[in-house]
Amino acid sequence: MELNKQSDWVARSLRSVWHPCTQMQHHETVPLIPVKSGKGAWLVDHEGRRYLDAISSWWVNLFGHANPRINAALKDQLDTLEHAMLAGFTHEPVIELSEKLSALTGHVLGHTFYASDGASAVEIALKMSFHSWRNNGKSGKQEFVCLKGSYHGETIGALAVTDVALFKDAYGPLLRASQTVMSPDARNAAEGETAEDMARKAAADVERLFLERADKIAAIIIEPLVQCATGMAMHDPLYLKLVRELCDRHSVHLILDEIAVGCGRTGTFFACEQAGVWPDFLCLSKGISGGYLPLSLVMTRDEIYQSFYSNDVTRGFLHSHSYTGNPLACRAALATLQIFEEDDVLAANRVKAARLTAALQPLAQHQQVRHFRQRGMIWAFDAIDATPDFSRRFFATAVEHELLMRPIGSTVYMMPPYILNDEEIDGLAANTLAVFNQVMAG
Ligand SMILES: Cc1ncc(COP(=O)(O)O)c(C=O)c1O
C-alpha cells in the first residue's frame, strides 16, 4: 500500500484536527487540502498539485513561502537563542525590533508590548486604555466603541468589540456590551455622495456618541482604511483624521487595529499614515513576522507609558503571555523589515498593484459584479445575487484552478503576497475570472 497518500492525510486530519473557522461537516463536500510544501506564492499538496496563495494564508505571508532571507535569519537565530522569558530578561531581537518600529512612527509610538496573536494584541490595547485612564483618576471610563461590521478577533474581549453576527451571536451572553457606531464603508454612499461624504457622516455619528457619553468611554477601536473580515469594506482616510480630532477633543483613546492592514498592505507601511495621524495604541500582527511565526504587538505613546510608571506595582501593566517577545518571531520580523528596506517594497507594490488592477478589469466591468474596489495590495468585489453557498463553491472551484481563495460571503477578495511576478499576476486575474464565471453559472 502506498504510504502517505493525499487521501490518508485528509482522513487523518479530519479524525484528529479541529479546523478553525469551519463547520467540520462541510468537509463532507468541501475539499480539505493537505499541504506538503510551499515556495514563493505557491502551496503544493501531496500529489504535487499547486495553489497560488492569493490570500497570503489568512493575510500573513508577505514575501512568499520558504523565503530564503527569512529562512536564513531564523536558522541563525535558532542556533543562538530560541526563547527566553521577557520579564526580568531581554534580548537583541526584541530590542532591535522595538527600536525599528518606533522609528517607523517617527518615535511617536515609542513603547512596544508583545504578544502572540492578533486577538491578544487587541485585548492588551483595551486593557491598557482602561488601566491608563484608571491610573489617571478616570476609572469611570470603561466603555469601548467599535464600528458596524468591525472585526478584532475572537477571544472574549476582542469579540466584544467585534460586530460580525456569525462570530459573535452564539457568545452574546458572555460578552460585555460595547457601543457600535456607523461604518464609513464607502459602498454605503448614497447616489451623488462621495467616500469623503460617507467619512464625514460616520464621523458625525462618533461625535454624537462622544457628546453624549465621552466621560464613560475609554477608547474607540478602528480597522483603518479597510474593515477586512466583514468583507473588505473600504473607507476614505478622512474618517481617521476626523475621528483623531474627536478623540483629542473629547479625551477618548484611539486604538487602530492594523493587524490585517499594517505592514504595507494598504500601500503605506501603516495604514494610518495615509490620514496623517497616529493613534494612542497601534496593534500589529499577521504580516509583521512575514507569515512565519505568531507575533503580535501593541505600540503606544510616552504619555500612556508614563501613566503606568510608578513605585506601585498595581499601577503597572501586569499582563503577560509565555511567548511574549519570542526571539525567533522577533528575528523573523526583523528579516521582514529588512526586506522592506532593501527592496523598496512599497514602490515595487505600486507597480504590481497597477498591473493586477488592469488585469482584473473584465471582472470590474462584469455584469454580475458590483463595488469593484482596491487599496494598495487588497482587491475586492461583490457578487450580485450570490447563492448562500457561494463562498464554499468558489473555494472548491478555485482549487481546481490552482488558486487558494476564500470569499467572505458574497465578497471575493485578493490579498496576495508581495512577490508575485507578471505571469503570476496575469494568471491570478484570468483564473479568478474563470472561477467566478463557473460559480455564477451554477
Ligand atoms: C483586523 C483584525 N484584528 C484582529 C484579528 C485577530 O487576529 P488573530 O486571528 O491573529 O487572533 C484579525 C484577524 O483576522 C483582524 O483581521
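Bear in mind the structure is a predicted one, so any value in this text is a computation, not a measurement. (Residues numbered from 1 in each chain as written. Predicted model: local features only at pLDDT ≥ 70, side-chain atom pairs only at ≥ 80, totals over all residues. Heavy atoms only, no water.)

Time to look at the overall build of the protein. Helix and strand content of the protein: 15 helices and 16 strands. Based on the C-alpha atoms only, the size of the protein along its principal axes is roughly 65 × 60 × 45 Å. Buried residues in the protein amount to 52% of all 442 residues. Sequence separation of 24 or more characterises 71% of the internal contacts of the protein that already satisfy a separation of 6 or more. In the form shown here, the protein has an accessible surface area of approximately 19800 Å², with 53% of it arising from carbon and sulfur atoms. Considering the protein, the positive charge centre built from 40 side chains and the negative charge centre built from 51 side chains are found 3 Å apart. (Helix = DSSP H or I, 4+ residues; strand = E, 2+ residues; numbered from the N terminus. Buried < 20%, exposed > 50% of the residue type's maximum accessible area, 1.4 Å probe, protein only. Contact = heavy atoms within 4.5 Å. Areas by Shrake-Rupley, 256 points an atom, 1.4 Å probe, with all protein chains shown as cover. Lys, Arg positive; Asp, Glu negative; His and termini not counted. Charge placed at Lys NZ, Arg CZ, Asp CG, Glu CD.)

What follows concerns empty space enclosed by the protein. Tallying each qualifying case throughout the model produces 2 cavities of 30 Å³ or more. Among the residues forming the lining of the largest cavity, the class breakdown is 6 nonpolar, 3 polar and 3 charged. Mapping the lining of the largest cavity onto the domain boundaries places at least three of its residues in each of domain 1 (2-66 + 345-440) and domain 2 (71-343). Volume-wise, the second largest cavity comes out at about 40 Å³. Forming the walls of the second largest cavity are Lys352, Ala353, Leu356, Met377, Trp379, Pro417, Leu420 and Ile425. Class assignment of the residues belonging to the lining of the second largest cavity gives a composition of 7 nonpolar, no polar and 1 charged. (1 Å grid on protein atoms, 1.4 Å probe; cavity = no way out; pocket = protein on both sides within 12 Å on 5 of 7 lines; lining within 4 Å. Points joined across faces, edges and corners; volume = space filled by probe spheres on them. Nonpolar A, V, L, I, M, F, W, Y, C, P; charged D, E, K, R; others polar. Domains from an automatic or database assignment.)

The next point concerns the site of the ligand. In the vicinity of the ligand, the residues found are Trp59, Asp117, Gly118, Ala119, Tyr151, His152, Gly153, Glu223, Asp257, Ile259, Ala260 and Lys286. With respect to the ligand, the side chain of Asp257 contributes an N or O atom lying 2.6 Å from a nitrogen atom. Here Lys286 contributes a side-chain N or O atom positioned 3.0 Å from an oxygen atom of the ligand. Split into classes, the residues belonging to the shell around the ligand amount to 5 nonpolar, 3 polar and 4 charged. (Near = heavy atom within 4 Å. Polar contact = N/O pair within 3.5 Å; in protein donor to acceptor, adjacent residues only side chain to side chain.)

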